[in-house]
Amino acid sequence: MSNLPEFIKFLYQEYRHLNSGSLASYIPELTKANPNWFAISVVTKEGEIFEIGDSQENFTIQSISKVFVYGMALEDCDRETLLEKIGVEPTGDPFNSVIRLDENSKRPDNPMVNAGAIATAGLIKGANATEKLNRMLDMFRRYIGHDVFINAPVFMSERATGHRNRALANLLLNFGIIENNIEEILDLYFQQCSLVVNCHDLAVMAATLANRGVNPITKEQGIKPCYIRDILSVMYTCGMYNYAGEWAYRVGIPAKSGVSGGIIGVIPDSAGIAVFSPLIDSRGNSIRGMKVFEALSDKFNLHLFDYPLPKCSFLDISENRIESIPKKIEFIFDKTKPL
Ligand code: DON
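About the thresholds
- Residues numbered from 1 in each chain as written.
- Predicted model: local features only at pLDDT ≥ 70, side-chain atom pairs only at ≥ 80, totals over all residues.
- Heavy atoms only, no water.
- Buried < 20%, exposed > 50% of the residue type's maximum accessible area, 1.4 Å probe, protein only.
- Helix = DSSP H or I, 4+ residues; strand = E, 2+ residues; numbered from the N terminus.
- Pairing = 2+ DSSP bridges.
- Expected span 1.5 Å × (residues − 1).
- Polar contact = N/O pair within 3.5 Å; in protein donor to acceptor, adjacent residues only side chain to side chain.
- UniProt positions renumbered as here; feature names shortened; annotations may be inferred.
- Contact = heavy atoms within 4.5 Å.

Draft legend 1. Inspection of unusual backbone geometry at higher detail. Positive phi outside glycine occurs at glutamine 62, with the angle close to 50°. For glutamine 62, a relative accessible area of 3% gives the class buried. Of note, the phi angle at asparagine 301 is positive, near 55°, even though the residue is not glycine. Topologically, asparagine 301 is positioned in the loop between helix 13 (287-300) and helix 14 (327-330). Of the residues examined, asparagine 301 reaches a relative accessible area of 35% and is grouped as partly exposed.

Draft legend 2. Expanded view of the pairing of strand 1 (residues 39-44). Of all the six residues making up strand 1, six are buried; the element is thus mostly covered by neighbouring parts of the structure. Covered by surrounding structure in strand 1 are Ala39, Ser41 and Val43 together with Ile40, Val42 and Thr44, the residues of both alternating faces. Pairing between strand 1 and strand 2 (residues 49-53): five bridges, direction antiparallel. Residue alanine 39 lies in a different strand from strand 2, and its bridge partner there is glycine 53. Turn length for the strand 1-strand 2 hairpin, with the two strands adjacent in sequence and antiparallel, is four residues, and the turn residue glycine 47 shows positive phi of about 90°.

Draft legend 3. Region of the structure containing helix 10 (residues 199-210). Between the first and last C-alpha of helix 10 there are 16 Å, a value that for twelve residues agrees with the 16 Å anticipated at 1.5 Å per step. Among the twelve residues in helix 10, twelve count as buried, and that is most of the element. Within the sequence span of helix 10, burial applies to Cys199, His200, Asp201, Leu202, Ala203, Val204, Met205, Ala206, Ala207, Thr208, Leu209 and Ala210. N-capping of helix 10 is provided by asparagine 198, with a side-chain oxygen placed 3.1 Å from the backbone N of histidine 200. Phi turns positive, to about 55°, at arginine 212, one or two residues after helix 10.

Draft legend 4. Structural context of the UniProt feature "binding site: substrate" (unreviewed entry) in the protein. Listed under "binding site: substrate" (unreviewed entry) in the UniProt record, and renumbered for this structure, are Ser63, Asn114, Glu158, Asn165, Tyr189, Tyr241 and Val259. Within the secondary structure, tyrosine 241 is located in the loop between helix 11 (228-238) and helix 12 (244-250). Among the residues examined, tyrosine 241 registers a relative accessible area of 6% and is labelled buried. Each residue touching tyrosine 241, except ones within four places of it in the same chain, is listed here: Ser63, Lys66, Phe95, Met112, Val113, Lys256, Ser257, Arg283 and Asn285. Here lysine 66 takes part through its side chain, which lies 3.3 Å from a polar atom of the side chain of tyrosine 241. Here valine 259 lies in the loop between strand 5 (255-257) and strand 6 (262-267). On the basis of relative accessibility, which here comes to 6%, the residue valine 259 falls in the buried class. Leave out the neighbours within four places in its chain, and valine 259 touches Ala24, Tyr26, Leu30, Gln62, Phe95, Ile280 and Gly284.

Here it is as structure tokens:
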């Protein structure tokens, strides 16, 4: 079990029967997910792919989108303008909390909670709603490397039931953080959350952040490299909501989760990691996903503060690589064979 392909296979087998947690149900469409779905994908900055399980199964990106739309807002506005509207402080509160927005600075604490993400959507530039959406979809396309689309039933489901988000948007308007086009801003936010991805796509997106903003497969620039440190900083401190502190302590990887069951992690200058399993805990984080990340971090010394600071020890597997076999096929676990 000395290298990455064997280790992710081991983790897949170890955790595939862990069935604690539940499907997100406050967005009714998300209850249609299969609780057995499970995938682990790793994409290196050189474009090598290691994955196992349901890595091609589509689902909606949900809160993981916040990372990438924040990057877009940084490019659209710049760091200081953005900081005036949205802070970078972890909240320790649930992702959809209304309380701190009203109690504290009247500005969302950070762009990873819903209040901050709605404010971020309000800063995306474009002459009208269609242009804003198209710019956003093009941004996601560059990160993912193929055409993207929105899951309309999930979008409609969020729009019909997003009463807390509507309350947050009204408070943001009240405090002068967003303009008086609440429904347009909320639609853009619900659309970004309803973007269709799979675990493989998420690992490519994370690898793009690890690779100075360049998609390692297509070589297209997803974001200007000068903003990567801003994005990774808020992922590290705020990406796992009210588990962010313990995540930083136990795992030590800048990460972001979503209620549909995805988690991405970025190993700067090395690789992107994604895990997908829709059973989540009360904070909205995938239970198998957290287990896999913790195990990967321990096994390969990926914690940011591991000493001595290795760049990415799990990539030191050159003797075990079979260069002649297409990499994507080589390490996909064959689900038709018994474990
Ligand atoms: O606005 C919401 O509540 C969802 N569209 C996204 C929430 C989410 O993914 C939080 N993640 N853990």
